[in-house]
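# Coordinates in review
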Amino acid sequence: MEDAFDNFIKSLTDHELAIYIGYQYPSFLSYSKKKILKEIIYRSLSKDQLKNYFQTKLSYDNKAKFCERCGSNKFIEDIDVRHKRGRYFSSDVEIKTMRCRLCNHNPSKAPAKNIFDRIKRLIFDSNKSEETLKVYDWGDFS
């Protein structure tokens, strides 16, 4: 019986697999590393092929949302919960951002390069959505 990891790596193209390995291989557990090596052997990929694939960005026919680091269109949702405090109330806020599945890049969490990028991200971050989960009103003592 195959697990989700096996299904995922088998669904990747050779180019996508090379990028996935290039960015995330050091963080894999030994069992996952063995599965990746089996897949490389099964596909008959050489080190040079993997290196060439890794050094070029992915490109797809459709111009939908893509990762700025590797060019992938495979994303997963990151969910963080932050506690905001005010003078007379506080709230729990759920922040959803999109992270690249192949290279693990999340543009909303990457440090901004300059002050203009920081301001732009504060105002126009299309990769981020916030939703208030619960509000705690300190004036309501009932």
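Attention here is on the structure that accompanies the text. (Residues numbered from 1 in each chain as written. Predicted model: local features only at pLDDT ≥ 70, side-chain atom pairs only at ≥ 80, totals over all residues. Heavy atoms only, no water.)

### Some points on the state of the cysteines
Taken as a whole and judged by the stated rule, the model has zero disulfides. Of the cysteine sulfurs around Cys67, a residue in no disulfide, the closest is that of Cys103, at 3.5 Å. Here Cys67 falls in the buried class, since its relative accessible area comes to 2%. Here Cys70 stays free of any disulfide, with the sulfur of Cys100 as its closest cysteine sulfur at 3.6 Å. (Disulfide = S-S within 2.5 Å. Buried < 20%, exposed > 50% of the residue type's maximum accessible area, 1.4 Å probe, protein only.)

### Things to note about the layout of surface pockets
What the second largest pocket holds in volume is close to 150 Å³. In terms of lining residues, the second largest pocket is bounded by Asp6, Ile9, Lys10, Tyr31, Lys34, Lys35, Lys38, Glu39 and Tyr42. For the lining of the second largest pocket, the leading source of residues is helix H3 (residues 30-43), giving six residues. In terms of residue class, the lining of the second largest pocket is built from three nonpolar, no polar and six charged. (1 Å grid on protein atoms, 1.4 Å probe; cavity = no way out; pocket = protein on both sides within 12 Å on 5 of 7 lines; lining within 4 Å. Points joined across faces, edges and corners; volume = space filled by probe spheres on them. Helix = DSSP H or I, 4+ residues; strand = E, 2+ residues; numbered from the N terminus. Nonpolar A, V, L, I, M, F, W, Y, C, P; charged D, E, K, R; others polar.)

### Describing the packing of helix H1 (residues 4-11) against H3
Remark: H1 packs on H3, axes separated minimally by 11 Å, with the N-to-C direction vectors making an angle of 35°. Here H1 runs over H3; the crossing is right-handed. Contact residues: H1 offers Phe5, Asp6, Ile9 and Lys10, while H3 offers Ser32, Lys35, Ile36, Glu39 and Arg43. In terms of residue class, the contact of H1 with H3 is built from three nonpolar, one polar and five charged. (Axes fitted to C-alpha atoms, helices over the stretch in contact; angles between N-to-C directions. Left-handed = near helix turned anticlockwise from the far one by under 90°. Contact = heavy atoms within 4.5 Å.)

### Things to note about H1
Of the residues making up H1, those classed as buried are Phe5, Asp6, Phe8 and Ile9. Each buried residue of H1 sits inside an arc of 165° when the element is viewed along its axis, so together they form one side. Those residues of H1 that are buried lie in contact with helix H2 (14-24) and H3. (Arc of directions from axis to C-beta.)

### What to know about the sheet that holds strand E3 (residues 128-137)
Sheet architecture is open: three strands sit in the order E1-E2-E3, paired in antiparallel fashion. Each of the sheet's edge strands pairs with one partner strand only, and the pair in question is strand E1 (75-85) and E3. Looking at each pair of strands side by side, their axes are set apart by 20° on average, direction ignored. Pairing geometry for E1 and strand E2 (residues 89-100), over 11 bridges, is antiparallel. Each bridged residue has a counterpart across the sheet, and for Lys84 the counterpart in E2 is Ser91. (Pairing = 2+ DSSP bridges.)

### Points about the pattern of salt bridges
On inspection of all chains with the given rule, the structure shows seven salt bridges. Salt-bridge contacts for Asp6 lead to Lys35; the nearest nitrogen and oxygen are separated by 3.3 Å. Of this pair, Asp6 sits in helix H1 while Lys35 is found in helix H3, placing the two residues 29 residues apart along the sequence. For the pair Asp6 and Lys35, one class covers both residues: buried. With a closest N to O distance of 3.1 Å, Arg99 and Asp78 form a salt bridge. Highlighted residues: Arg99 in strand E2 and Asp78 in strand E1, separated in sequence by 21 residues. Since its relative accessible area comes to 13%, Asp78 is described here as buried. (Salt bridge = Lys/Arg side-chain N within 4 Å of Asp/Glu carboxyl O.)

Read these as spatial facts, not as claims about activity.
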